[in-house]
Every structure is written in structure tokens, then in C-alpha cells.
Amino acid sequence: MEVWTLLRKLFWQNRSQSSGKYFKGTLAHMLRKQGDCPVCSFCEEELEKFYWWFFYNHYGELPWIKRVLKSNGFCSKHAWNIAEMKKGDQMSFLYRYLVKDTLRKLEKIASQGYKDTREEIKPSNICPICGQISSTSTLWIQQLVKYLEDTEIKELYFGSSGLCMNHFDQALHFAPPNVGLTLIEKQLRELNRLSVDLEKCSSTLAEQPYEVEKEKAWIKAMGFFAGKEL
Ligand SMILES: [Zn+2]
Ligand SMILES: [Zn+2]
């Protein structure tokens, strides 16, 4: 067994053996960080790890090649993110498969005479990176909703920056009524804070020193609705 495979196995074994402790501890750690939606931050951290594994090894494994073929590569956002990372060897490998696979499909269609081809070339999967982000956010939203019944985590949550509106919406989907009310209460506090900041900065009497605060206020509001760029 290669060293990296062994390390990965040990990491996941360790994580699952103490999963309750791991989830609560990691949640507490992320909630203590100020400034961003904790679920967005989880996704960002996990995405960094995922990219590392993906470019190191996963990209060449059959299940991942199949996923890339089923999604017609990556969405435009992640394709261009990867291009900026300059992963030429890995992408040349994957896109060789994708180009050949698409050629084969279209040649088959052409040989059968024209008909509606959309179903045959439409991707059946979402972009693998989007898929990874989506499963990470679902996992951590479920954990947050579960641990919001714990006094320590609830306190930390009220002291944190709270969820972005995207993740708040998803959290409500998993939350029982009492946790749903906790989520709404926190969101109301954050919205009131944003409203006060934006009002202060919208004053036409605002002088030069307010310009920095004004910039911060609308960026905070935008981030609150859009979440982090992942
Ligand atoms: Zn978020
Ligand atoms: Zn994507």
C-alpha cells in the first residue's frame, strides 16, 4: 500500500472513531473564528484539502475520470480556477479522455443520422468540484443544526458571524422547529446590524473617514447574502 493511501486511511479511521468529538470540536473552532459564515469557511478549508488530493492522485483514478466525463468537465468557474492553478499535466490527462469521449458520442450520433442529440450529450452530473462543495456544506450544516441544541455550541454560534443566507436557507431545511427559531433569531440580529451600518453610511453628510466604513458595510452585506467565493 502506498504511503499516501495508508495515511488517508488512518486519517479517516481516526476521524470516524471519534466523530462526535471531532464534529463538535471542529464546529467550536470554526465558530470562534470571526468574519465569515462558518459553513463557507468549512467548505473553503475542505476544498483546499480536496484540491491537494485531487491533483496529487485522484484525478487519475477511474471513478474520478468517470465523474469528469459525466459532468462534461468542470463548470466554468472551477475550470478557470484550475487553469489559474496551472495544473497542466493533470488537466491534459483528464481532458484527453473527455475530448475522446465527446468525439465518440458525436460520431455515433452523426453515423445514425441527425436527431435530437441534447439528451445524449447533456451532462448527467454536476461539476465534481461543485459536487464536493455541496456534500461538504450539507455535512457541516447537518452537524451545526444537530449541535445547536448543545448550550456551548449555541452560545458560540450567537457570538459568531452567523450563516450566509444561502447556508441559512439550507440549515432551515434540516432544522427541527426549536433550532429553526434559533437560526432565525441569529439571522435577525445580523440583518439588524447590517441595516444600521448601511444606514449610517448612506448619509449624504458622510465625510471622508466614513468612506472606508461605507466600503466595509456594503461588502459585508453582499457577503452575508452571497457567502464566500468557493
Ligand atoms: Zn455560507
Ligand atoms: Zn464547479
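Every chain is numbered on its own, with residues counted from 1 as its sequence reads. Each chain gets a letter, beginning with A, and each ligand a number, beginning with 1, in the order they are written. Reporting in this predicted model follows two pLDDT cut-offs: at least 70 for local features of residues, and 80 or more for side-chain atom pairs to be given and counted; totals over whole chains, interfaces and linings ignore these cut-offs and use all residues.

Trainee: Help me understand the overall build of the protein chain in this model?
Mentor: Put simply, DSSP H or I for four residues or longer makes a helix, DSSP E for two residues or longer makes a strand, and each gets a number counted from the N terminus. Each helix and strand in the protein chain was counted, giving 12 helices and 0 strands. Secondary structure elements in the protein chain, listed N-terminal to C-terminal, are α-α-α-α-α-α-α-α-α-α-α-α. Buried residues in the protein chain amount to 20% of all 230 residues. Contacts are defined on C-beta atoms placed from the backbone: any two residues whose C-beta positions lie within 7 Å are in contact. Sequence-distant contacts, at least 24 apart, represent 77% of the contacts inside the protein chain between residues at least 6 apart. Burial is judged by counting the other C-beta atoms within 10 Å of a residue's own C-beta: 20 or more makes it buried, 12 or fewer makes it exposed, and any count in between marks it as partly exposed, with every C-beta position built from the backbone.

Trainee: Sorry if this is basic, but what is going on with the nonpolar core here?
Mentor: When a protein is soluble and globular, its nonpolar side chains tend to lie buried together. Core analysis: the largest hydrophobic core is formed by 31 residues, its most contacted members being Val39, Leu144 and Ala171. Put simply, the parts of the chain that give this core at least two residues each are α2 (19-32), α3 (38-56), α6 (88-111), α8 (128-147), α9 (151-159) and α10 (165-174). Top element by residues in this core is α8. It accounts for 7 residues. If near-sequence neighbours (up to four positions away) are discounted, Ala171 is found in contact with Ile141, Leu144, Val145, Leu163 and Leu183. Think of a nonpolar core as buried Ala, Val, Leu, Ile, Met, Phe, Trp, Tyr and Cys residues, each tied to the set through C-beta atoms within 7 Å.

Trainee: Is there a simple way to explain the packing of α3 against α8 in this structure?
Mentor: Two quantities define a packed helix pair, namely the angle between the axes and the distance from one axis to the other. To get an axis, a line is fitted to the C-alpha atoms, and for a helix only the part in contact is used. The angle between two axes follows their N-to-C directions and goes from 0 to 180 degrees. The geometry of α3 relative to α8 is characterised by a closest axis approach of 9 Å and an angle of 135° between their N-to-C directions. Between α3 and α8, the angle falls in the class oblique. For α3 against α8, the interelement crossing comes out right-handed. Where α3 approaches α8, its residues Val39, Phe42, Cys43, Glu46, Leu47 and Phe50 are matched on the opposing element by Gln132, Ile133, Thr136, Ser137, Trp140, Ile141 and Leu144. Residues were grouped as follows: Ala, Val, Leu, Ile, Met, Phe, Trp, Tyr, Cys and Pro as nonpolar; Asp, Glu, Lys and Arg as charged; and all remaining residues, including Gly, as polar. Across the contact of α3 with α8, the residue classes tally to 9 nonpolar, 3 polar and 1 charged. To sort the angles, those under 35 degrees are grouped as roughly parallel, those over 145 as roughly antiparallel, those from 65 to 115 as roughly perpendicular, and the leftovers as oblique. Handedness of a helix crossing follows the sense of rotation of the near helix relative to the far helix, less than a right angle counterclockwise being left-handed and clockwise being right-handed.

Trainee: Can you help me understand the confidence of the model for the protein chain in this one?
Mentor: Parts of the model with low pLDDT should not have their predicted coordinates read in detail. Chain-level statistics for the protein chain give a pLDDT mean of 87 and a share of 86% at 70 or above. Every residue gets a pLDDT, meaning the predictor's confidence in that residue, from 0 to 100. By mean pLDDT, helix α1 (residues 3-17) is the weakest element of the protein chain at 51, and α10 is the strongest at 97.

Trainee: What am I meant to see in the environment of Ala221 here?
Mentor: Position of Ala221 relative to the elements: it lies in helix α12 (residues 210-226). Exposure remark for Ala221: the 16 C-beta atoms within 10 Å place this residue in the partly exposed category. Sequence spacing of Ala221 and Leu191 is 30 residues, and the spatial spacing of their C-alpha atoms is 8.5 Å. Each residue touching Ala221, except ones within four places of it in the same chain, is listed here: Leu194 and Leu198.

Trainee: Is there a simple way to think about α10 in this case?
Mentor: Residues that lie three or four places apart on an α-helix share one face, since the helix turns once every 3.6 residues. Turning to α10, its buried residues number three or more, namely His167, Phe168 and Ala171. Each buried residue of α10 lies within a common arc of 105° when the element is viewed along its axis, so the set occupies one face. This arc is built from the directions going out from the helix axis to the C-beta atoms.

Trainee: Got a minute to help me understand the packing of α2 against α9 in this structure?
Mentor: Two numbers describe how α2 lies on α9: the axes approach to 9 Å, and their chain directions differ by 20°. On the basis of their axis angle, the class for α2 and α9 is roughly parallel. Where α2 crosses over α9, the handedness of that crossing is left-handed. Along the contact surface, α2 presents Lys24, Leu27, Ala28, Leu31 and Arg32, while α9 presents Glu152, Ile153, Leu156 and Tyr157. Grouping the constituent residues of the contact of α2 with α9 by class yields 6 nonpolar, no polar and 3 charged.

Trainee: How should I be thinking about unusual backbone geometry in this particular structure?
Mentor: It is generally the case that most residues other than glycine have a negative phi and that most peptide bonds are trans. You will see that Asn72, though not glycine, has its phi angle at about 55°, which is positive. Residue class for Asn72 comes out partly exposed when judged on the 16 C-beta atoms lying within 10 Å of it. In this structure, Lys86 is a non-glycine residue whose phi angle is positive, near 60°. You can see Lys86 is positioned in the loop between α5 (76-85) and α6. Under the C-beta neighbour-count criterion, Lys86 is labelled exposed, with 8 such atoms within 10 Å.

Trainee: Which parts of the structure should I look at to understand the environment of Lys77?
Mentor: Along the chain, the position of Lys77 falls in helix α5. Sequence separation of Lys77 and Cys127 is 50 residues, and the distance between their C-alpha atoms is 9.8 Å.

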